[in-house]
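Okay, here's what each chain looks like letter by letter:
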There are 2 protein chains.
Amino acid sequence: MSDHVHEAADLTKNQSLVMGALTRSKGPLSAYTILDQLRDNGFRAPLQVYRALDKLVEFGLVHRLESLNAFVACRHPGCDGDDTIAFMICERCGQVNEISDNDLALRLKHLAGEASFALKKTTIELRGICRTCQAS
Amino acid sequence: MSDHVHEAADLTKNQSLVMGALTRSKGPLSAYTILDQLRDNGFRAPLQVYRALDKLVEFGLVHRLESLNAFVACRHPGCDGDDTIAFMICERCGQVNEISDNDLALRLKHLAGEASFALKKTTIELRGICRTCQAS
DNA sequence: CGCAATCTCGTTATGAGATAACGTCACACA
DNA sequence: TGTGTGACGTTATCTCATAACGAGATTGCG
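Numbers given to residues run from 1 along each chain, matching the order in which its sequence is written. Numbering of ligands from 1 and lettering of chains from A proceed in the order in which they are written. This being a predicted model, a pLDDT of at least 70 is required before a residue's local features are given, and a value of 80 or more before pairs of side-chain atoms are given or counted; all residues contribute to the totals for chains, interfaces and linings. To get the side-chain values, all heavy atoms of the structure are used, and hydrogens and water are removed first.

Student: Even after reading the chapter, I still don't get the relation of the copies chain B and chain A, so can you show me in this structure?
Tutor: Two copies of a chain can be linked by a rotation about an axis combined with a shift along that same axis. When chain B is brought onto chain A, the operation consists of a screw motion whose angular component is 180° and whose axial shift is 0.0 Å, with 0.1 Å RMSD remaining. Such a combination of turn and shift is consistent with a two-fold rotation axis. Residue Ile124(B) of chain B places its C-alpha closer to the rotation axis than any other residue of that unit, at 2.3 Å. Taken together, the interface assignments show that 100% of the residues at the interface of chain B recur at the interface of chain A, consistent with an identical surface on both copies. All copies are superposed by least squares; the fitting set is the C-alpha atoms of residues with a pLDDT of at least 70 in both. By the convention used here, residues are in contact when the closest approach between their heavy atoms is within 4.5 Å.

Student: Which parts of the structure should I look at to understand the interface of chain B and chain A?
Tutor: For an interface, size is often stated in terms of accessible area lost upon the parts coming together. Each partner contributes residues to the interface: chain B has 33 residues there, and chain A has 33 residues. For the pair chain B and chain A, the two sides together bury roughly 3000 Å², of which 63% comes from carbon and sulfur. Each reported salt bridge corresponds to a side-chain nitrogen of Lys or Arg within 4 Å of a carboxyl oxygen of Asp or Glu. If you look at where chain B meets chain A, you find six salt bridges. In this structure, Asp103(B) engages Arg107(A) in a salt bridge whose closest nitrogen and oxygen atoms are separated by 3.7 Å. Polar contact is the term for a pair of N or O atoms within 3.5 Å; when the atoms are in protein, one must be able to donate a hydrogen and the other to accept it, and sequence-neighboring residues count only if both atoms are side-chain atoms. Viewed at the interface, chain A and chain B are joined by 14 residue pairs in polar contact (both at pLDDT 80 or more). The secondary structure listing takes helices from DSSP runs of H or I that are at least 4 residues long and strands from runs of E that are at least 2 residues long, numbered from the N terminus. When residues in the side of chain B that touches chain A are grouped by element, the largest group, twelve residues, is from strand β5 (residues 118-129) of chain B. Residue classes follow a fixed rule: Ala, Val, Leu, Ile, Met, Phe, Trp, Tyr, Cys and Pro count as nonpolar, while Asp, Glu, Lys and Arg count as charged, and any other residue, Gly among them, counts as polar. Taken together, the residues of the side of chain B that touches chain A break down into 16 nonpolar, seven polar and ten charged. Pairing analysis gives eleven bridges linking strand β5 (residues 118-129) of chain A to β5(B), with the strands arranged antiparallel. Across the sheet, Ala118(A) pairs through a bridge with Ile129(B), a residue of β5(B). Buried area: the accessible surface (1.4 Å probe) lost by two parts on joining, summed over both. Whether two strands pair depends on DSSP finding at least two bridges between them.

Student: Teacher, can you tell me more about the packing of aromatic side chains here?
Tutor: Describing an aromatic ring pair means giving the distance of the ring centres and the angle of the ring planes. All names here are of chain A. Working definition: rings of Phe, Tyr and Trp (its six-membered ring) pair if their centres are within 6.5 Å, and the pair is stacked with planes under 30 degrees apart, edge-to-face with planes over 60 apart, and tilted otherwise. Overall, the coordinates contain two aromatic pairs over all chains when judged by the stated rule. Each ring, one from Tyr 32 and one from Tyr 50, has its centre 6.5 Å from the other, and the planes form 70°; the classification is edge-to-face. Residue Tyr 32 is found in helix α2 (residues 31-37), and its partner Tyr 50 is found in helix α3 (residues 46-59); the two are separated by 18 residues along the sequence. Burial classes follow relative accessibility: with a 1.4 Å probe on protein chains only, a residue under 20% of its type's maximum area counts as buried, one over 50% as exposed, and anything between as partly exposed. Looking at Tyr 50, the relative accessible area reads 31%, which means it is partly exposed.

Student: Explanation requested: the protein's contact with DNA strand C in the structure shown.
Tutor: Residues are labelled near a given molecule or strand when at least one of their non-hydrogen atoms is within 4 Å of it. Taken together, 15 residues are adjacent to DNA strand C, and Arg64(A), Thr12(B), Asn14(B), Gln48(B) and Arg51(B) come closest. Separating a phosphate oxygen of DNA strand C from a side-chain N or O atom of Thr12(B) is a distance of 2.7 Å. Looking at the surface near DNA strand C, the elements with two or more residues in it are α3 of chain A together with α1 (13-24) and α3 (46-59) of chain B. Sorting elements by how many residues they give to the surface near DNA strand C places α3(B) first, with four residues. In the surface near DNA strand C, the residues fall into five nonpolar, five polar and five charged.

Student: What is the right way to read the protein's contact with DNA strand D from this model?
Tutor: The environment of DNA strand D is formed by 15 residues, the closest being Asn14(A), Gln48(A), Arg51(A), Tyr32(B) and Arg64(B). For DNA strand D, the backbone makes up 47% of the atoms found within 4 Å of the protein, where backbone means sugar plus phosphate. Between a phosphate oxygen of DNA strand D and a side-chain N or O atom of Asn14(A), the distance comes to 2.8 Å. Tyr32(B) is positioned with one of its side-chain polar atoms (N or O) 2.6 Å from a base nitrogen of DNA strand D. Elements supplying a minimum of two residues to the surface near DNA strand D: α1 (13-24) and α3 of chain A together with α3 of chain B. Among the residues making up the surface near DNA strand D, the classes are represented as five nonpolar, five polar and five charged.

Put into structure tokens, the structure is as follows:
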């Protein structure tokens, strides 16, 4: 059984609220945007958001997008706990697509192996224009 | 001839100073660290550094590491102007290695193509422990 | 020449992103 | 009972990045 999804039940109130904000959103959100959205729920300080985000990322429910300083709820198809995920980020509409590709992951592992590099975490972010935005 | 290196001659004074700081450094530097190093050269404000960095990145002489909010001088072997570069970042010693791998680049282009995603820029950053640091 | 366009630069102020440090509270469990 | 742990709230502070304004220098052209 994946230990990736079933944590959802164990979320604390703050974690649930932050997770909710991210799930409702069409695209990535910055910590401060989340904070603003949750002021009515009693959020007052950035740390409340960051603490929740840290845990959600740890659980694998949320990904951090380094090139945007923002966060997205995990939507990647077949949510298999893979830790080598590529993100395609549309610079026009802001939507983010998650891609889990085995060849890609293997290639990266191979390259790390060649260099005797003990790989802990990979960040792959592709910037461009998505199909929908190209059409319009 | 590559249009990647020969720009160096055209650098302005500020750009040269920033480039020098990055070239001297063993690892990546944040903009504010560069600022501090260049105070004796008349630098007083972050913008002086950021403006130079913007140009240097544009010229391909410097890379930005998204996951560190820092910058490195381009050292990648065979400096061929490739825009799909992977970085291996050692979390212990801070050193950064650039890797230019054709298979990896092709795979990413293929994935983007499959999704009809117009790829503009790729960010690949691997975090872990380098060979040297594992030994010690 | 005269004058616009463009580029770099310097400065001040401010906006965004992230964390340190401190104390409180609730709960589990020996 | 009391001790440890983890989430929480608050204030202050740190780091990263850019907006907005104006001054010089350079180029190119009528």
